[in-house]
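Each chain, letter by letter, is given below.
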Number of protein chains: 6
Amino acid sequence: MKTVFLGELLMRLDTRNNERFIQANEFGVRYTGAEANAAVSMVNYDQEAWVVTVVPDHEIGQACINYLRQYGVKTEYVKKKSGRLGIFFLETGASQRPSKVIYDRADSVMACAKPEDFNFEQIFSGKDWLHFSGTLPALSPDTAELTRLAVKTAHEKGLTVSCDLNYRKKLWSQSEARAAMIPLMEYVDVLIGNEEDAATALGMSPENVDITNTDYAIAPYRKLTEKLYERFHFKYVAMTFRKNISASVNKWSAGLYDGKEFNLSKEYTMQVIDRVGGGDSFSGGLIYALQDKMSSADAIEFAVCASCLKHSIPGDFNHVSRDEVLTLMNRDGSGRVQR
Amino acid sequence: MKTVFLGELLMRLDTRNNERFIQANEFGVRYTGAEANAAVSMVNYDQEAWVVTVVPDHEIGQACINYLRQYGVKTEYVKKKSGRLGIFFLETGASQRPSKVIYDRADSVMACAKPEDFNFEQIFSGKDWLHFSGTLPALSPDTAELTRLAVKTAHEKGLTVSCDLNYRKKLWSQSEARAAMIPLMEYVDVLIGNEEDAATALGMSPENVDITNTDYAIAPYRKLTEKLYERFHFKYVAMTFRKNISASVNKWSAGLYDGKEFNLSKEYTMQVIDRVGGGDSFSGGLIYALQDKMSSADAIEFAVCASCLKHSIPGDFNHVSRDEVLTLMNRDGSGRVQR
Amino acid sequence: MKTVFLGELLMRLDTRNNERFIQANEFGVRYTGAEANAAVSMVNYDQEAWVVTVVPDHEIGQACINYLRQYGVKTEYVKKKSGRLGIFFLETGASQRPSKVIYDRADSVMACAKPEDFNFEQIFSGKDWLHFSGTLPALSPDTAELTRLAVKTAHEKGLTVSCDLNYRKKLWSQSEARAAMIPLMEYVDVLIGNEEDAATALGMSPENVDITNTDYAIAPYRKLTEKLYERFHFKYVAMTFRKNISASVNKWSAGLYDGKEFNLSKEYTMQVIDRVGGGDSFSGGLIYALQDKMSSADAIEFAVCASCLKHSIPGDFNHVSRDEVLTLMNRDGSGRVQR
Amino acid sequence: MKTVFLGELLMRLDTRNNERFIQANEFGVRYTGAEANAAVSMVNYDQEAWVVTVVPDHEIGQACINYLRQYGVKTEYVKKKSGRLGIFFLETGASQRPSKVIYDRADSVMACAKPEDFNFEQIFSGKDWLHFSGTLPALSPDTAELTRLAVKTAHEKGLTVSCDLNYRKKLWSQSEARAAMIPLMEYVDVLIGNEEDAATALGMSPENVDITNTDYAIAPYRKLTEKLYERFHFKYVAMTFRKNISASVNKWSAGLYDGKEFNLSKEYTMQVIDRVGGGDSFSGGLIYALQDKMSSADAIEFAVCASCLKHSIPGDFNHVSRDEVLTLMNRDGSGRVQR
Amino acid sequence: MKTVFLGELLMRLDTRNNERFIQANEFGVRYTGAEANAAVSMVNYDQEAWVVTVVPDHEIGQACINYLRQYGVKTEYVKKKSGRLGIFFLETGASQRPSKVIYDRADSVMACAKPEDFNFEQIFSGKDWLHFSGTLPALSPDTAELTRLAVKTAHEKGLTVSCDLNYRKKLWSQSEARAAMIPLMEYVDVLIGNEEDAATALGMSPENVDITNTDYAIAPYRKLTEKLYERFHFKYVAMTFRKNISASVNKWSAGLYDGKEFNLSKEYTMQVIDRVGGGDSFSGGLIYALQDKMSSADAIEFAVCASCLKHSIPGDFNHVSRDEVLTLMNRDGSGRVQR
Amino acid sequence: MKTVFLGELLMRLDTRNNERFIQANEFGVRYTGAEANAAVSMVNYDQEAWVVTVVPDHEIGQACINYLRQYGVKTEYVKKKSGRLGIFFLETGASQRPSKVIYDRADSVMACAKPEDFNFEQIFSGKDWLHFSGTLPALSPDTAELTRLAVKTAHEKGLTVSCDLNYRKKLWSQSEARAAMIPLMEYVDVLIGNEEDAATALGMSPENVDITNTDYAIAPYRKLTEKLYERFHFKYVAMTFRKNISASVNKWSAGLYDGKEFNLSKEYTMQVIDRVGGGDSFSGGLIYALQDKMSSADAIEFAVCASCLKHSIPGDFNHVSRDEVLTLMNRDGSGRVQR
């Protein structure tokens, strides 16, 4: 299957060894983006994936492209323009201390992109699926418009469209988000959200859930997925559930409503190596599982297992194969050394 | 508020990645000291803090000063003399293997300091609080004498005096410690101790506690704080309780007796990144909370939360803000990523 | 006591910071081998230990020798020949993601060794004990033959012979292993196996155990040790039990059957820093304990505590002293900082 | 003497070990700025130095402040505002391959600063000297205006004003530079330029010099300094001469015209460790030497020796003491180990 | 233009910071190969390049592919088979101490490749140029045969064929080399050699040259190129000249004989950062220059400038653009910082 | 031949990447000593070498022993006592900036050693040669006395005694040095000095030499060696000549007077990677060459070539083989890559 991932690339600068920002005298350098992260997952499952974006026309922009094509992502629709690459600084937390992100992404070359920078007719030609996340329309009115155009075009050309709501409060307000996101839902087939942003961006909340409780109840979310399904006529509504025991230990599960049943995955208790990109690896896993025609129960389990493994890998990309995900699905993740 | 921290600075040379000493081919370099660690905490809570000490008159001594002033500690009372900087080597343990310290601090430039090296009258002028720990008088008869002089002068000039007992068996014997420490108590307003050293240095033990038990009882310590309070006429007696599940996981709480009530904090289970400096960050938190006129119950909670967060940060300094401590006090430390 | 360790040395190239192979741009370099690992343990308990092997006659071979003699292993029987050093690549897992080994050890200089490369008569002269593991005969028909020769010679010269079954499915098949290993048992006094390989290499299985269950039962193994003891007339049969909660957390215990009793150790829950070499450190601990004439109950406890500590140390070698092992035997491993 | 340095701070992200940008997976992190670099020099010569600037009101901004005060620079006039810190990426060249800078500094918090962000009357009160460089007015019309205001105020309050022309073609065009810089010259006492930018920013060129020639003639610059002196009524005109044998080896000298004589320093052949900040360390050295009332001949030699040593130190700051500069002035820089 | 590069990929494990092998506790990891190195150059000049090879069917093999495609090399003809990747260990010399290579490349998956592993008809279809080096036929009789087949097929399909003689004495003897190489010359259009191997592999020596002399004469090589040209009917014969002042400083030039003139490039004195891959970057530069229809004089200058820059870059790949090479051709490599 | 090296071991803590002390946040860790450095050289030439010293009885002391035996030095005469290991901090210079050493070696466990700590009769039994340097008697009156005792005993037992004057002004004054060293000369057969300390410690100066001149004359030293020879009745007097072009480039040669001729070696221009240990590697080379019965001309050339190569290797030890030294003696050090 051929999947297109439309979104922004960012430079991630991360502190090492659990250092705080003010202790750092070096940063690890990675290039990432919600959609690109999911694209890498797809390639790891032996599917074809294109990232569509704009990067700066200097060496840092080239490094973005190299970083993606290293892992097999197709980059022929990555455009180079004069401008800057968005940056985020990441401080990895531990125990009771949360990880922290500082954004320096305003006025990025992608935030300044215009609808006419992309020929969506051509890009989507011969493709099967389009994925985007809520961070893209959040960047600027222009990216909101180009997202709308892309989603509409994809829908009309018969691609399946998936959307990870991915609400970021530093990018836009709830009302801005809703104004942009709700109209897009018309073209979306597969909706993906987490326990925090699902409601925020679309204005539909579960009742009586306190996610700062480390063991909140799943039941209210079941209802929420059904309501979302009904209102927007999705084919699938997926929701991930993260229970933060601490920054070092998380519980992780997800549910998938397919119009008939709410399939709840097993819950995995994870020793967190790197939490960032966890949601994107879920999207990647789910898109693959649905393309692969797994049952709803298997699909949600595959997506959760895939993203569970992601949490054990440094960086935003999920470097695991289909076989490794299946092993976890089948054998409980005992972590026995393989030799 | 203006607080003076009197004590020794040391170079900390630590192995990386859980290596043992004999595996190390590089050491991390930090400059630290029980009192300096607490001083950094105070600056992070936006208070003024002075470290008073002696460092060598060469580049390593200058590096000490730089290290402190980087984090906003005032260093105008740091004196430079010919001599050496004390060193300690630190091997970070894991699981059942404890962290290990090798001291190389004999004959340090601070251990050789004389009372006349400091003009305490001038130093304490316009200041509100003096903090010291038991490692200072332990260094030499001269530092014992200058500690006495400092504490007495501070007391007479109306500063609040706090003391972290901080008993180190490699520095002096129990009887030496008691001979030096007990007379100092006359001038001390706030006493801070942990479950190990509280008794050792002052000769007053809780009954029937085995701290190698990973879940020892707190009750006997309640009584002990009351007895200490009565005997030495402190304003506050604080005691920290560390339960070592392993070198990687500790439980951490503390109690504060204010003459009326023994306020016991919540207990936090911590994944330990760096345990050294934990006690000092408690002192820093408590001094701040008392200066800030928090209630006893809030003060002990603030100090415990502050030091809980310290355990998640590499190095001896507690790089957390007042807001971050309050967040943990109010929200349970779920460690949710902040972006 | 003087112990000879016969086996292969390998270069271990490991990824850093939990990176996957495809993320690595540097490898840590160590030299290791099942028998050499046990030899280092013995030296740490102040015993004399010789490693007998063949290494390449270039700088990498010299590095092997240096690596061993650094830790006090005697290397006068290490021969240099033209050839290559076997390599294994190690990716350290975390949480649900297992550690992974890629072997590149075919045609190593040791796999190509001939019986006539070693003068076992001379090597064993004045020695007390020979230890080898199942990876040695697995390398090639020649090493199988030289193992047989060594074991027989050692036995005839009155050395105690210990064997760690150490089955590796990538080196040989079950039937090959059994064909080579079973005849060797005639000369073996102390048999060591783990829950996986004990049966594989000798064809005797416990009943109804699923080791992928994270909390499998020990009872069936008790019976197995007795059956092994009876069939092969060992003096001791030791078996380790690893329960993989995840790649980050393991439970670890062992049993020792001495013909009278099956002595089961305490079980330790370990935060795993480096799991590789865990079994070898058990062998080293057991050999030492038996040489030291500990009771069976103490011997198995010593061996388990020794190898428990190993899991907290990076690399294959167990850098712990006798005193450190005894501390864990006596005090529960609370991991209190030592200063 | 008390000197104020007005200018922007930037984050410098540099590749390691001569890697090119596209090879980098980590960046060294430093905080720097033309004026801050000179300020650090002054502190190293035991003078008081203030940096006046605006930084972001988050941890990265705090890191800027920490970085400066670590080295003793006074930071009480550093303002925090919401915004981003300018960044530059640095790739260190070698041999025939030049070092390369990518700017990502548009819309920085300092470029967005307004004249009213600074109370220059108060800042300059009790100070002796103001230093700024041409990069400050280049940032934006607002910074051009606030530079004008600062320079005028300083001049009126009797401070000596020094200016490093520091022309950067990526910040503004020649005509923009001239329009902003020439009017400022009225208030400048000490002009500093290098062989490239001296003319560019003020529109007065030496004749017939090709600086890509690795051994261009100095004579035409002598005349240029005289012409500049006459036209703008400076007290001193200093000019540095860099001859690039390669990125690894540079020749370095400078001249100072004081209205009477053109004092040309010795020329030093340098093995370049880090070339960035070289000019700033020259400014720092010259300002100090002139404040110290050295003769013109000594002053230019001091400034050149100081900046020569800078080229041997990683990072933009010149960590050398007055004594170290004097040693080079007096002993030829044989680089004999000091022990 | 579309160029195919046929050859082996190797893992390069290099020591850091000028350490010797026996000092190394970590290795840098890179994937390289004479032909792949040249392929990366071509991509940097915006040409299409395919590497044709076999890699192992495990993660290390995948890392090879990733490493190449990161830099834009096309990898669809890279085959995966069971086997090992060849390795070479590299110790970087300095001053009078030479760099040193230890090969561990026997029995690599590429050395075991069979002619039938490649469908050369298909691979060469639509391509313009084939490049290989003498290390390929040196690996095994099978690779010698598949090289012959490839070269013959390419020739017949009208591709231009270039060959870098690249003689390695540890791979084969002079007589073996000549037996295999001389027959291949029939199909070769562009011959590339260095001062050492040109003669060795083809049996035609310059007279009276001692290359250990740091300033040997070029003249005899002029004649040699003419003789080679005449004997084998090449279109171009290129030869590089390295004069080793030391491991840290080399002089570098080259000559190109086109049947009419021997064009000798300028000579560059290089501070060597990484010498390995220098010859391959020359091949890449020359192939590009000839494809680009530069004059012989320009082509040899382009190739020398390209490879001169390579020596300033760590690793085997030449990360420089066409523009950067042209800058050196036109401006003498003063190494002025670019900002 | 069997050689004993008597002297102190130190921990060397060095900054990385040319950083200054105040920039360092990590130190490289090495264990070194003038005599130990020479001992490692001897082992590299396949001779037996013992280091005789005292180290602390904790892990750091063990690390010293491991560090030496790693490279094959015999450590059975290394004694462990309670105390501290001397430390020196090393900042590696570059260009005009000299390397800098800060000593922290007072009261080291070796400085506190007593003559009775060593049984020299037994240690020297069956040995051929004793080497020591002037830093040993400089440590304390006790080490001066034990040096005297060792040298006298060795002389009486027929060992050849060599002494490297190795004057360190931070350890003792000229008059102290002369008072201790001159009486020792009675027992010394081979005297080694450099251009600086030769005279200082024995009170005999060359005339009119200014070693800060980068190209001082050798002639006066020729006379000095003759005078030393005559006065103290040595068998050989060797003197090294270092001309510091800069910290990065040194010229290096030496002369050997054997009572008949003053043999002056070739002079080598070295790009300095690590200059520390250079003199010790000269001693190691000379002792070997004399033991090997080389001619005086060859011996001095061997020693100079050996130490020339040392300057290209990080750390104090000279990791080069006899063959590598001979290669430089015979081929001029062109530094051609070896593969």
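Here, the structure is the one placed above.
Residues numbered from 1 in each chain as written. Chains lettered and ligands numbered in written order. Predicted model: local features only at pLDDT ≥ 70, side-chain atom pairs only at ≥ 80, totals over all residues. Heavy atoms only, no water.

## So, the interface of chain D and chain A
By a widely used convention, the size of an interface equals the accessible area lost when the partners come together. Contact with chain D, which involves 25 residues of that partner, is made by 25 residues of chain A. Together, Ile22(D), Phe27(D) and Glu59(D) form the three largest contributors to the area buried by chain D at its contact with chain A, with a combined 25%. Where chain D touches chain A, the interface holds six salt bridges. Ionic pairing is found between Glu59(A) and Lys100(D), a salt bridge with its closest N-O pair at 2.7 Å. Counting every contact that joins chain D to chain A gives nine residue pairs in polar contact (both at pLDDT 80 or more). Elements with a contribution of two residues or more to the side of chain D that touches chain A: β2 (10-14), β3 (26-32), α2 (59-70), β6 (86-91) and β7 (100-104) of chain D. Element by element, the count of residues in the side of chain D that touches chain A is highest for α2(D), at five residues. Bridge count between strand β3 (residues 26-32) of chain A and β3(D): three bridges; the pairing is antiparallel. Directly across from Gly28(A), in β3(D), lies its bridge partner Glu26(D). (Contact = heavy atoms within 4.5 Å. Buried area = accessible area lost by both parts, 1.4 Å probe. Salt bridge = Lys/Arg side-chain N within 4 Å of Asp/Glu carboxyl O. Polar contact = N/O pair within 3.5 Å; in protein donor to acceptor, adjacent residues only side chain to side chain. Helix = DSSP H or I, 4+ residues; strand = E, 2+ residues; numbered from the N terminus. Pairing = 2+ DSSP bridges.)

## Some words on empty space enclosed by the protein
Across all of its chains, the model carries 13 cavities of 30 Å³ or more by this definition. Size it by volume and the second largest cavity reaches roughly 420 Å³. Around the second largest cavity, the lining comprises 34 residues; the ones closest to its centre are Ala34(A), Asn166(A), Arg168(A), Asp280(A) and Arg339(B). Secondary-structure elements contributing two or more residues to the lining of the second largest cavity are α1 (34-44), β7 (100-104), β10 (190-194), β11 (236-244) and α9 (278-291) of chain A. Counting residues per element, the lining of the second largest cavity draws most heavily on α9(A), at four residues. Each residue belonging to the lining of the second largest cavity can be placed in one class, and the counts come to nine nonpolar, 11 polar and 14 charged. (1 Å grid on protein atoms, 1.4 Å probe; cavity = no way out; pocket = protein on both sides within 12 Å on 5 of 7 lines; lining within 4 Å. Points joined across faces, edges and corners; volume = space filled by probe spheres on them. Nonpolar A, V, L, I, M, F, W, Y, C, P; charged D, E, K, R; others polar.)

## As for the packing of aromatic side chains
Scanning the entire structure with this criterion turns up 84 aromatic pairs over all chains. Ring centres of Phe232(B) and Phe234(B) lie 5.5 Å apart, and the angle between their planes is 40 degrees; this geometry places the pair in the tilted category. Side by side, Phe232(B) and Phe234(B) carry an identical accessibility label, which is buried. By way of ring pairs, the aromatic residues Tyr31(A), Tyr67(A), Tyr71(A) and Phe317(A) are connected into one cluster. The ring of Tyr103(E) has Arg105(E) sitting right over it, with the charged end atom 4.9 Å from the ring centre. Lying across the ring of Tyr216(F), Lys243(F) places its NZ or CZ 5.6 Å from the centre. (Phe/Tyr/Trp six-rings, centres within 6.5 Å; stacked < 30°, edge-to-face > 60°. Buried < 20%, exposed > 50% of the residue type's maximum accessible area, 1.4 Å probe, protein only. Lys NZ or Arg CZ within 6 Å of the ring centre and 35° of its normal.)

## Looking at the pairing of strand β5 (residues 78-81) of chain C
The pairing of strand β4 (residues 48-56) of chain C with β5(C) spans four bridges and is classified as parallel. Along β5(C), the bridge assignment pairs Pro56(C) with Lys81(C).

## Here's the deal with the interface of chain A and chain B
Residue-level contacts link 32 residues of chain A with 25 residues of chain B. At the boundary of chain A with chain B, total buried surface from both sides reaches about 2,600 Å², with 49% on carbon and sulfur atoms. One can count four salt bridges joining chain A with chain B. Between Arg336(B) and Glu196(A) there is a salt bridge, with the nearest N and O atoms lying 3.4 Å from each other.

## Some words on the relation of the copies chain A and chain B
With an RMSD of 0.0 Å, the operation that places chain A on chain B is a rotation of 120 degrees combined with a shift of 0.0 Å along the axis. Here the two chains are linked by the operation of a three-fold rotation axis. No C-alpha of chain A approaches the rotation axis more nearly than that of Asn17(A), which lies at 5.1 Å. An overlap of only 3% is found between the interface residues of chain A and their copies at the interface of chain B, pointing to separate contact surfaces. (Least-squares fit on C-alpha atoms with pLDDT ≥ 70 in both.)

## Digging into the sheet that holds strand β2 (residues 10-14) of chain B
With mixed pairing, eight strands are arranged side by side in an open sheet as β7(B)-β6(B)-β2(B)-β3(B)-β3(F)-β2(F)-β6(F)-β7(F). The two strands at the open ends of the sheet, each matched to only one other strand, are β7 (100-104) of chain B together with β7 (100-104) of chain F. Each strand axis lies, on average, 30 degrees off the axis of its neighbour in the sheet, ignoring direction. Both strand β2 (residues 10-14) of chain F and strand β6 (residues 86-91) of chain F contribute to a ladder of five bridges, which runs parallel. (Axes fitted to C-alpha atoms, helices over the stretch in contact; angles between N-to-C directions.)

## Notes on the side chain of Ser296(A)
Residues and elements named next belong to chain A. Within the element layout of this structure, Ser296 appears in helix α10 (residues 296-310). In this structure Ser296 comes out as buried when scored by relative accessible area, which is 13%. A polar side-chain atom of Ser296 sits 2.6 Å from a polar atom in the side chain of Asp258. Apart from residues no more than four positions distant in its own chain, Ser296 is found in contact with Tyr236, Leu256, Asp258 and Asn263.

## Brief notes about the environment of Phe88(C)
Residues and elements named next belong to chain C. Summarising the element assignment, Phe88 is placed in strand β6 (residues 86-91). Here Phe88 falls in the buried class, since its relative accessible area comes to 6%. Residues Phe88 and Leu6 lie 82 residues apart in sequence; the distance between their C-alpha atoms is 19 Å. If we ignore the near neighbours within four places in the chain, the residues touching Phe88 are Leu10, Met11, Arg12, Leu13, Thr32, Val101, Ile102, Tyr103, Val276 and Asp316.

## As for unusual backbone geometry
In this structure, Asp107(A) takes a positive phi of about 60 degrees despite not being glycine. Relative to the assigned elements, Asp107(A) resides in the loop between β7 and α3 (120-124). If you check the backbone angles, Lys293(E) has positive phi at about 65 degrees while not being a glycine.

## Observations concerning the packing of helix α2 (residues 59-70) of chain C against helix α2 (residues 59-70) of chain F
Where α2(C) meets α2(F), the closest approach of the two axes is 8 Å, and the angle between their N-to-C directions is 150 degrees. Taken together, the axis directions place α2(C) and α2(F) in an arrangement best described as roughly antiparallel. Relative to α2(F), α2(C) is oriented so that their crossing is right-handed. Contacts between α2(C) and α2(F) involve Asn66(C), Arg69(C) and Gln70(C) from the former and Asn66(F), Arg69(F) and Gln70(F) from the latter. (Parallel < 35°, antiparallel > 145°, perpendicular 65-115°, else oblique. Left-handed = near helix turned anticlockwise from the far one by under 90°.)

## Some details on the environment of Thr153(F)
Residues and elements named next belong to chain F. Topologically, Thr153 is positioned in helix α5 (residues 141-156). A residue is classified by how much of its surface remains accessible, and Thr153, at 10% relative accessible area, is buried. In sequence terms Thr153 and Glu121 are 32 residues apart; their C-alpha atoms lie 6.9 Å from each other.

## Re the sheet that holds strand β7 (residues 100-104) of chain E
Strand order across the open sheet formed by eight strands is β7(C)-β6(C)-β2(C)-β3(C)-β3(E)-β2(E)-β6(E)-β7(E), with mixed pairing between neighbours. In this open sheet, the two edge strands, each paired with only one partner strand, are β7 (100-104) of chain C together with β7 of chain E. Averaged over all pairs of adjacent strands, the angle between strand axes in this sheet comes to 30 degrees, irrespective of strand direction. Relative to strand β3 (residues 26-32) of chain E, strand β2 (residues 10-14) of chain E runs antiparallel, the two sharing five bridges. If you follow Leu10(E) over to β3(E), its bridge partner there is Thr32(E). Sheet strands in contact with helix α2 (residues 59-70) of chain E are β6 and β7 of chain C together with β2 and β3 of chain E, and its direction is about 65 degrees off that of β3(E).

## Brief notes about the relation of the copies chain D and chain A
The two copies are related by a screw motion: chain D maps onto chain A through a turn of 180 degrees and a shift of 0.0 Å along the axis, at an RMSD of 0.0 Å. On this basis, the relationship between the two copies can be described by a two-fold rotation axis. Closest to the rotation axis within chain D is the C-alpha of Phe27(D), separated from it by 2.7 Å. Interface overlap between copies: 100% of the residues of chain D at the interface are likewise at the interface in chain A, consistent with a symmetric, same-surface contact.

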